[in-house]
Amino acid sequence: MQATQLLQCLPIKKIIGTLPENIKDIAIDSRNVQDKTIFICIKGYTVDAHDFAQQAVDQGATIVVVDHVLDLTGDVAQVVVEDTSRALGLLAAKFFDYPSKDLTMFGVTGTNGKTSVATMIQNVLQGLGVRSALSGTIGFNLNGVMYDSANTTSDALTTQQMIFRAKAEGCRGMIMEVSSHGLVLGRLAGVEFDVAIFTNLTHDHLDFHGTMENYGNAKGMLFSQLGQDLEKDKHAVLNSDDPWSKTYAGLTPYPIWTYAIHDENAVFQGLNIKYHDEHTEFDMKTPEGTKHVELKLLGEFNVYNMLAATAALYCKGYALDDIIQQFEHMMPIKGRMQKIETGKLPISIFVDYAHTPDAIEKAITAAMPYKEKKLIFVIGTGGNRDKSKRPDMARMASMADYVILTTDDPRYEAYDSIVGDLEKGMTHDNYACIGDRAEAVRHAVEIAEPGDLILFAGKGHEDYQIIEDTKYPHSDAEIALIAAKEKFGM
């Protein structure tokens, strides 16, 4: 791309030096720089890319975007802007020619349920023969092939690269989990969403946002950023059982599709819900009348998730009966209220990603119908993250018969600090504090008796623990199965 053409998206800038004629690549990590690259210097929490600008030039960068003039040697032009993060969003979208405009883009935001709703939408699309991509907590799923990603919502450059790649691979749709961090930090700059979906809003990430009001307003950016061009076929899908939906409905002029279990006025409503050992069934009120649905997914929250996904697909023209048919064949989502295959073991084992007070309450409520005797609940929380939610997490965990308080990616925080904060919320004495998560998992199995159900919460699909800044292999399910087979002689 011509350098002057690319930089037209930055109307306010100062250019030091002579611009090259063309740019072949764009980068924010100096290690990824090749010949004729434009390198954008982003200030992160721990690293400032301005410190690596000379290294980028030495590797072939011919333009660096900075927020102050640097003392650089070599044949390089410096483009000085006030905010390099904002410039990144503009440049990345321009460089890849705004790829989201050529796909049907679904954005899913909310505290809990983003991964499940996003995965459900992709599974239905793939079942209907529609090539699609998904980016979020579990990684980047491109037509069924999974690639790792660092954050729920990737940086602006990676986001545009993923969408461009999805387009190049022939995808017609892409689903993105949209985090509040991603919205506030501008990681979605240049992404043109067609359907914005809201799951729920509960206590989380207040270490970043400060207050629930700020957190809620951050989520609302997804709906306000749908725009005002009513010639475009855009929609908002809102959980009308959550009071924040009224706020979000006022942020966009596009059609509002509501779903709920309790709100009788919702467009899509789950009624007469029945829970069975291996499936959930309910009646779904729809614009086309009431439909009976049977899911191989467990728990009330999965009814909510299915309603959200159904509304999102229906509003874009997919046939309701086809959507329901795909759901009835859909297998449980990895790490989301997932029942682990235990063979002839006399105990039941579930894993879930619940890591907020609300999600913990819903996970335990969902598990209750499946226990024969005790419900043993293992819950941990991450180190160096929102401490204010920890007592509330344990208070909800107290719904279980026996609770094991542990850690979840302790990072640089001491075990005793994390577990001590959790312990403040316990409402009964049937619990243990075990900072080492692997030891906590084994303890859950040690105290389990035939007929008991163990629910491991917090890690879900993840197969690692972050201690300091290193990822160590860890799987709740694998550790539990090994311990259970040893204990019960199988």
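Quick notes on the rules
- Residues numbered from 1 in each chain as written.
- Predicted model: local features only at pLDDT ≥ 70, side-chain atom pairs only at ≥ 80, totals over all residues.
- Heavy atoms only, no water.
- UniProt positions renumbered as here; feature names shortened; annotations may be inferred.
- Helix = DSSP H or I, 4+ residues; strand = E, 2+ residues; numbered from the N terminus.
- Expected span 1.5 Å × (residues − 1).
- Buried < 20%, exposed > 50% of the residue type's maximum accessible area, 1.4 Å probe, protein only.
- Contact = heavy atoms within 4.5 Å.
- Salt bridge = Lys/Arg side-chain N within 4 Å of Asp/Glu carboxyl O.
- Pairing = 2+ DSSP bridges.
- Core = buried A, V, L, I, M, F, W, Y, C linked by side-chain atoms within 4.5 Å.
- Axes fitted to C-alpha atoms, helices over the stretch in contact; angles between N-to-C directions.
- Parallel < 35°, antiparallel > 145°, perpendicular 65-115°, else oblique.
- Left-handed = near helix turned anticlockwise from the far one by under 90°.

The name recorded for the chain in an unreviewed UniProt entry is UDP-N-acetylmuramyl-tripeptide synthetase, from Kurthia gibsonii. Database annotation for the chain, UniProt heading Subcellular location (unreviewed entry): "Cytoplasm". Under Cofactor (unreviewed entry), UniProt gives the following word-for-word description of the chain: "Mg(2+)".

Q: Please set out helix α16 (residues 476–487) residue by residue, giving values where relevant.
A: Here α16 contains 12 residues, and its C-alpha end-to-end distance of 16 Å stays within 8% of the 16 Å for a straight helix at 1.5 Å per residue. Among all positions in α16, only Asp476, Ala477, Ile479, Ala480, Leu481, Ala483 and Ala484 are buried. Residues of α16 that are buried in the fold lie against β18 (348–352), α15 (437–447) and β22 (453–457). With its phi angle positive at about 65°, Gly489 sits one or two positions after the end of α16.

Q: Outline the pattern of salt bridges, listing residues and values.
A: If charged atoms from side chains of opposite charge come close, those side chains can pair. The final tally for this structure, using the stated rule, is 21 salt bridges. A salt bridge links Lys316 to Asp233; the nearest nitrogen and oxygen atoms lie 2.9 Å apart. Of this pair, Lys316 sits in the loop between α10 (300–314) and α11 (320–329) while Asp233 is found in the loop between α8 (212–224) and β12 (235–239), placing the two residues 83 residues apart along the sequence. Given the relative accessible area of 44%, Asp233 is considered partly exposed.

Q: Before we move on, can you summarise the pairing of strand β23 (residues 464–467) with the specific residues and values?
A: Relative to strand β24 (residues 470–473), β23 is paired through 4 bridges, and the arrangement is antiparallel. When the sheet's bridge partners are listed, Ile467 is paired in β24 with Thr470. Taking the residues that link successive antiparallel strands as the turn, the β23-β24 hairpin has 2 residues, and the phi of Glu468 there is positive, at about 55°.

Q: Quick rundown of the nonpolar core? Include the residues and the values.
A: Judged by nonpolar contacts, the single largest core of 40 residues is most densely connected at Phe106, Ile121, Ile197, Phe268, Met284 and Phe327. Listed by contribution, the elements that provide at least two residues to this core are β6 (104–109), α4 (114–127), β11 (195–198), β13 (256–260), β15 (280–286), β16 (289–295), α10 and α11. A total of 10 residues in this core trace back to one element, the largest contributor, which is α10.

Q: If you had to explain the environment of Tyr472 to someone new, which residues and values would you point to?
A: The residue Tyr472 is located in strand β24 in this model. For the pair Tyr472 and Asp409, spaced 63 residues apart in sequence, the C-alpha to C-alpha distance is 9.6 Å. If we ignore the near neighbours within four places in the chain, the residues touching Tyr472 are Asp463, Tyr464, Gln465 and Ile467.

Q: How would you summarise the packing of α15 against α16 if you had to cite specific residues and measurements?
A: Remark: α15 packs on α16, axes separated minimally by 9 Å, with the N-to-C direction vectors making an angle of 40°. Here α15 lies oblique to α16, going by the angle between them. In the crossing of α15 with α16, the sense of the turn from one axis to the other is right-handed. For the pair α15 and α16, contact is made by Arg437, Ala438, Val441, Arg442, Val445, Glu446 and Ile447 and by Asp476, Ile479, Ala480, Ala483, Ala484 and Lys487, respectively.

Q: Give me the UniProt feature "domain: Mur ligase N-terminal catalytic" (unreviewed entry) in the chain: which residues, what numbers.
A: Within this numbering scheme, the UniProt entry marks residues 23–95 as carrying the feature "domain: Mur ligase N-terminal catalytic" (unreviewed entry). As annotated, residues 23–95 comprises 25% helix and 23% strand, and the C-alpha atoms at either end are separated by 9 Å.

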